[in-house]
Amino acid sequence: MGAYEEKKEACGTVCLKYLLFTFNFLFWLAGGGVMAVGVWTLVEKSDYISLLSSKTYAASAYILVLAGAIVMVTGVLGCCATFKERRRLLQVYFALLLCIFLLEILAGVLAYIYYQQLNEELKQNLRETMTQKYKQSPHEQITGAVDKLQQEFKCCGSNSSSDWADSVWIRSAGASGRMVPDSCCKTQTELCGRRDHPSNIYKVEGGCITKLEKFILDHLKIIGAVGVGIACVQIIGMVFTCCLYRSLKAEPY
């Protein structure tokens, strides 16, 4: 009977090992996905980040990049711990899983908090940013971001094209008589901003604030969902790790 029990325990341990190994492989792939989402947000959409006064959006993306990198390292460590059956390695692995879990929950919470605050922030800051910092030194990044925003989303100004009447640059000699930036034009050419007729600029299409808000909200949903989703999956990994740890502890040396 004792031999049967030992054989049963050994079989259970083997099953747990392969379950945990499979989890670690999938977890490693998920880590790459998490890091990719964070890097994509920071690299591809970095121009728009410069238009936001709050750093919460960027912070959420940085947390995902960090968590993704740790996940990939942890996945390799988990495989080593599983096959070498080292309890100390399993302890380190569990601790790293817990840290990643907390990081990703934090990213999800930050994304949710910023989701609630975004509309008010854009209302308060976007118009001022566009009118006070466009084409002004040392705000070249903001100038590029505004031009990209207006061309990509086919909009002009924060609330409407009339916002540009209060622009520091438009009122200066450097504007060369432009009424709006050239990036407001449907077909962008040099000095096309001198004519603000709806046939020439994005006038009836409205301002950029609602379009930028929708764009950022969509990405916040992705950041939040990825962070919380992977964190929930990690709970399974932590359960498997605890089960394997207990199983190994019970085995004789």
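Residues numbered from 1 in each chain as written. Predicted model: local features only at pLDDT ≥ 70, side-chain atom pairs only at ≥ 80, totals over all residues. Heavy atoms only, no water.

Turning our attention to the state of the cysteines. Scanning the entire structure with this criterion turns up three disulfides. Each disulfide pairs two cysteine sulfurs, and for Cys156 the partner residue is Cys184, the sulfurs being separated by 2.1 Å. Here the S-S torsion is close to 85°, and the disulfide linking Cys156 with Cys184 is therefore right-handed. Of this pair, Cys156 sits in the loop between α5 (140-152) and α6 (209-250) while Cys184 is found in the loop between α5 and α6, placing the two residues 28 residues apart along the sequence. The residues Cys156 and Cys184 share a single accessibility class, namely buried. Disulfide pairing places Cys185 opposite Cys192 at an S-S distance of 2.2 Å. Classification of the bridge connecting Cys185 and Cys192 rests on its S-S torsion, roughly 115°, and on that basis the disulfide is right-handed. Numbered in order of appearance, the disulfide-bonded cysteines of the protein chain are paired 1-6, 2-3, 4-5. (Disulfide = S-S within 2.5 Å. Helix = DSSP H or I, 4+ residues; strand = E, 2+ residues; numbered from the N terminus. Buried < 20%, exposed > 50% of the residue type's maximum accessible area, 1.4 Å probe, protein only.)

Moving on to the confidence of the model for the protein chain. Residues at a pLDDT of 70 or more form 91% of the protein chain, whose mean pLDDT is 80. The secondary structure element of the protein chain with the lowest average pLDDT is helix α1 (residues 2-44), at 71, and the one with the highest is α5, at 91. Here residues 1-5 is modelled with pLDDT under 50, and outside its nearest four sequence neighbours on either side it reaches zero contacts, counting other chains as well. (pLDDT = per-residue confidence, 0-100. Contact = heavy atoms within 4.5 Å.)

Okay, unusual backbone geometry next. With an omega of 0°, the peptide bond running from Ser137 to Pro138 counts as cis. Here Pro138 is to be found in the loop between α4 (87-133) and α5. Phi at Lys135 is positive, roughly 60°, even though this residue is not glycine. Here Lys135 lies in the loop between α4 and α5. Among the residues examined, Lys135 registers a relative accessible area of 43% and is labelled partly exposed. The phi dihedral of Lys154 falls on the positive side, at around 55°, and the residue is not glycine. Looking at the secondary structure, you find Lys154 in the loop between α5 and α6. The partly exposed category is assigned to Lys154, whose relative accessible area is 44%.

It is worth spelling out the packing of helix α3 (residues 56-84) against α4 at this point. At their nearest, the axes of α3 and α4 sit 9 Å apart, and the two run at 160° to each other. Comparing their axes, α4 and α3 come out roughly antiparallel. In this structure, α3 crosses over α4, and the sense of that crossing is left-handed. Across the contact of α3 with α4, the residue classes tally to 24 nonpolar, four polar and one charged. (Axes fitted to C-alpha atoms, helices over the stretch in contact; angles between N-to-C directions. Parallel < 35°, antiparallel > 145°, perpendicular 65-115°, else oblique. Left-handed = near helix turned anticlockwise from the far one by under 90°. Nonpolar A, V, L, I, M, F, W, Y, C, P; charged D, E, K, R; others polar.)

Each pocket or cavity is described by its volume, and for the largest pocket that value is around 150 Å³. Contributing to the lining of the largest pocket are Ser50, Leu51, Leu52, Ser53, Lys55, Asn125, Glu128, Thr129, Gln132, Lys133 and Ile142. Broken down by class, the residue content of the lining of the largest pocket amounts to three nonpolar, five polar and three charged. (1 Å grid on protein atoms, 1.4 Å probe; cavity = no way out; pocket = protein on both sides within 12 Å on 5 of 7 lines; lining within 4 Å. Points joined across faces, edges and corners; volume = space filled by probe spheres on them.)

In total, this model carries three aromatic pairs according to the counting rule given. Centre to centre, the rings of Tyr134 and Trp164 are 5.1 Å apart; their planes meet at 65°, and the pair counts as edge-to-face. Separated by 30 residues along the polypeptide, Tyr134 in the loop between α4 and α5 and Trp164 in the loop between α5 and α6 bring together distant segments of the chain. Comparing Tyr134 with Trp164, the two get one shared label, buried. Measuring from centroid to centroid gives 5.5 Å for Tyr134 and Trp169, while their planes differ by 70°, and the two rings are edge-to-face. Here the residue Tyr134 occupies a position in the loop between α4 and α5, and Trp169 occupies one in the loop between α5 and α6, the gap between them amounting to 35 residues. In this pair, the class of Tyr134 matches that of Trp169, namely buried. One aromatic cluster in this structure is built from Tyr134, Trp164 and Trp169. Here Lys135 stacks its cationic end above the ring of Trp169, 5.7 Å away from the centre of that ring. (Phe/Tyr/Trp six-rings, centres within 6.5 Å; stacked < 30°, edge-to-face > 60°. Lys NZ or Arg CZ within 6 Å of the ring centre and 35° of its normal.)

Its place among the elements puts Thr129 in helix α4. You can call Thr129 buried: its relative accessible area is 10%. Residues in contact with Thr129, not counting those within four places in the same chain, are Leu51, Tyr134 and Ile142.

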